[in-house]
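Chain by chain, the residues:
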Amino acid sequence: MSLTERLRQSDLVLLDDVDTNQLYQNINQSVSAVRTSFPDDVRAVNINTDLIQSNVETFHIAADNYDTLLNNREAIHQFADNLTAIPGVKSTDIRGLPGETLSVQMEPDALARYQLQPNQVIETISRTIAPIPLGTDQGDDTIRTLTLSSYQDLDDFKATLITNTNGENVTLEDVASIEVITDAPSSLIHEDGQSVVSVTVQADDGINILNLDTPLKEAQAEADTLFSDDVTISSYFSQSTIIDEVYSSLLESLIISFIAVLVIMVLGLPITSAILVALAIPLSIIIGLIPLPYSGLI
């Protein structure tokens, strides 16, 4: 295995005979162990692999009217961004919310008035929406990330300068009609007669899912301030709940087995011997579970 280090990134090249699943798990557990010791100005550590991400929790954002959900589009994306910012969360998947298309239709009369050709407008738009290059500047033992300003809203895009005619600035809005069109939804979700948008949280590999339960609940509580009063948010699926149910069922089975063994032993042994034999089963299980937290398995 070879390691290549770059600014804020390390690439691992694995050998063919390496158990990738186990190695990925060990790397994530090691990163999780030291993550809290990093300084406050260190950004979240992300580990990217080709493994399938596990769904931790699904939130349902519901409203009586589907248009209400569309009007809360920015709030839904903000909620998803807040979830992604939680350490241990890999990504979020939004379902039931259609995309948007920016439509620009040039007006022939306006082009003729300003003596413009369609290709002039198209080239200006292409330069406007082109990817913004990023770079770094290093000096005085400090590395600075360079960014270029970009359009933040539709009004800025409409004000894109096309040309200057007789001292008058001609903007995109002067020669074209611009609007945002909602795409046809690829899926529609309904629950109890309400329209729903689902947001599914996917965790990093090797993350203790139970540790995500509290920050996810806090993010859900904070989300109430993002949405309008006619929108509700609830947890539809939680893997933490399933894990709690499994542990509860295991504890119940342990108690039942202890009582059953005790009753059977009492029939043929003195009470003291029966208790010792009955205790042997749960004690052996408990002793077997003790090393698990120290080995990073739970």
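See the structure above.
Residues numbered from 1 in each chain as written. Predicted model: local features only at pLDDT ≥ 70, side-chain atom pairs only at ≥ 80, totals over all residues. Heavy atoms only, no water.

## Quick notes on the overall build of the protein
Alright, step 1. Each helix and strand counted, the protein has 11 helices and 13 strands in total.
Alright, step 2. Within the span of the protein, comprising 298 residues, buried residues form 26% of the whole.
Alright, step 3. Contacts in the protein between residues far apart in sequence, at least 24 positions, make up 70% of those at least 6 positions apart.
Alright, step 4. Carbon and sulfur atoms provide 54% of the accessible area of the protein, an area that totals close to 19800 Å². (Helix = DSSP H or I, 4+ residues; strand = E, 2+ residues; numbered from the N terminus. Buried < 20%, exposed > 50% of the residue type's maximum accessible area, 1.4 Å probe, protein only. Contact = heavy atoms within 4.5 Å. Areas by Shrake-Rupley, 256 points an atom, 1.4 Å probe, with all protein chains shown as cover.)

## Digging into the pairing of strand β3 (residues 54-63)
Alright, step 1. Counting buried positions along β3 gives eight out of 10 residues, so the element sits mostly inside the fold.
Alright, step 2. Pairing of β3 with strand β12 (residues 194-203), which is carried by nine bridges, proceeds in the antiparallel orientation. In the strand pairing of β12, A63 is matched with S195.
Alright, step 3. The sheet contact formed by β3 and strand β13 (residues 232-238) spans six bridges and is antiparallel. When the sheet's bridge partners are listed, E57 is paired in β13 with S238. (Pairing = 2+ DSSP bridges.)

## Structural notes on the packing of helix α9 (residues 239-268) against helix α10 (residues 271-289)
Alright, step 1. Between α9 and α10, the shortest axis-to-axis distance is 8 Å and the interhelical angle comes to 155°. Taken together, α9 and α10 sit at an angle that is classed as roughly antiparallel. Here α9 runs over α10; the crossing is right-handed. On α10, the residues touching L254, F258, V261, L262, M265 and V266 of α9 are I271, A274, I275, V277, A278, L279, I281, P282 and I285.
Alright, step 2. Within the contact of α9 with α10, the residues separate by chemical class into 15 nonpolar, no polar and no charged. (Axes fitted to C-alpha atoms, helices over the stretch in contact; angles between N-to-C directions. Parallel < 35°, antiparallel > 145°, perpendicular 65-115°, else oblique. Left-handed = near helix turned anticlockwise from the far one by under 90°. Nonpolar A, V, L, I, M, F, W, Y, C, P; charged D, E, K, R; others polar.)

## Section: a negative patch on the surface
Alright, step 1. A cluster of like negative charges, contributed by D153, D155, D156, E168, E173 and D174, occupies part of the molecular surface.
Alright, step 2. For the negative patch, the secondary-structure elements that each account for two or more residues are α6 (154-158) and α7 (172-175). (Patch = residues over 30% accessible without salt bridge, like charges linked within 9 Å, V, L, I, M, F, W, Y side chains within 5 Å. Salt bridge = Lys/Arg side-chain N within 4 Å of Asp/Glu carboxyl O. Lys, Arg positive; Asp, Glu negative; His and termini not counted. Charge placed at Lys NZ, Arg CZ, Asp CG, Glu CD.)

## Some remarks on the nonpolar core
Alright, step 1. By size, the foremost hydrophobic cluster in this structure holds 27 residues, and its most contacted members are I61, F79, L83, L212, L216 and F227.
Alright, step 2. Sorting the residues of this core by element identifies β3, α2 (66-71), α3 (73-84), β12 and α8 (213-223) as the ones contributing at least two each.
Alright, step 3. When residues in this core are grouped by element, the largest group, five residues, is from α3.
Alright, step 4. Setting aside residues up to four positions removed in sequence, F227 forms contacts with I61, N72, A75, I76, F79 and I233.
Alright, step 5. Counting residues in each nonpolar core, the second largest holds 13 residues, with F157, L172, V175 and A176 among its members. (Core = buried A, V, L, I, M, F, W, Y, C linked by side-chain atoms within 4.5 Å.)

## A look at the side chain of S240
Alright, step 1. Examined against the element boundaries, S240 turns out to sit in helix α9.
Alright, step 2. With sequence-adjacent residues up to four places away left out, S240 is seen in contact with I209, L210 and D213.

## Let's talk about helix α5 (residues 118-129)
Alright, step 1. Relative to the 16 Å expected for 12 residues at 1.5 Å per residue, α5 spans 17 Å between its end C-alpha atoms, a close match to the ideal helical length.
Alright, step 2. Inspection of α5 places V121, T124 and I125 among the buried residues, and these make up the whole buried set. Across the axial projection of α5, the buried residues extend over an arc of 100°, all falling on one side.
Alright, step 3. Each element contacted by the buried residues of α5 is listed here: β5 (100-106), α4 (108-113), α6, β8 (161-165) and α7. (Expected span 1.5 Å × (residues − 1). Arc of directions from axis to C-beta.)

## Concerning a nonpolar patch on the surface
Alright, step 1. Taken together, V266, I271, I275, L279, L283, I286, I287, I290 and Y294 make up a surface patch of nonpolar side chains, about 870 Å² in accessible area.
Alright, step 2. Among the elements that line the nonpolar patch, the one with the most residues is α10, at six residues.

## Here we look at the pattern of salt bridges
Alright, step 1. One pass over the structure, following the stated rule, counts three salt bridges.
Alright, step 2. Notably, a salt bridge pairs R95 with D93, separated by 2.8 Å at the nearest N-O pair.
Alright, step 3. Residue R95 is classed as partly exposed on the basis of its relative accessible area, which comes to 47%.
Alright, step 4. Under the relative-accessibility criterion, D93 is labelled partly exposed at 23%.
Alright, step 5. Linking K217 and D213 is a salt bridge whose minimum nitrogen-to-oxygen distance equals 2.7 Å. With K217 and D213 both in helix α8 and four residues apart, this pair spans about one turn of that helix.
Alright, step 6. With relative accessibility at 17%, the residue D213 sits in the buried group.

## Considering the packing of aromatic side chains
Alright, step 1. All chains considered together, the criterion is met by two aromatic pairs.
Alright, step 2. Note on F59 and F79: the rings are 5.4 Å apart at their centroids and 80° apart in plane angle, and the pair reads as edge-to-face. On the criterion of sequence distance, the pair formed by F59 in strand β3 and F79 in helix α3 is long-range, its members being 20 residues apart.
Alright, step 3. Measuring from ring centre to ring centre gives 6.3 Å for F79 and F227, while their planes differ by 70°; the resulting arrangement is edge-to-face. In this pair, F79 sits in helix α3 while F227 sits in the loop between α8 and β13, placing the two residues 148 residues apart along the sequence. Just as F79 is buried, F227 falls in that class too. (Phe/Tyr/Trp six-rings, centres within 6.5 Å; stacked < 30°, edge-to-face > 60°.)

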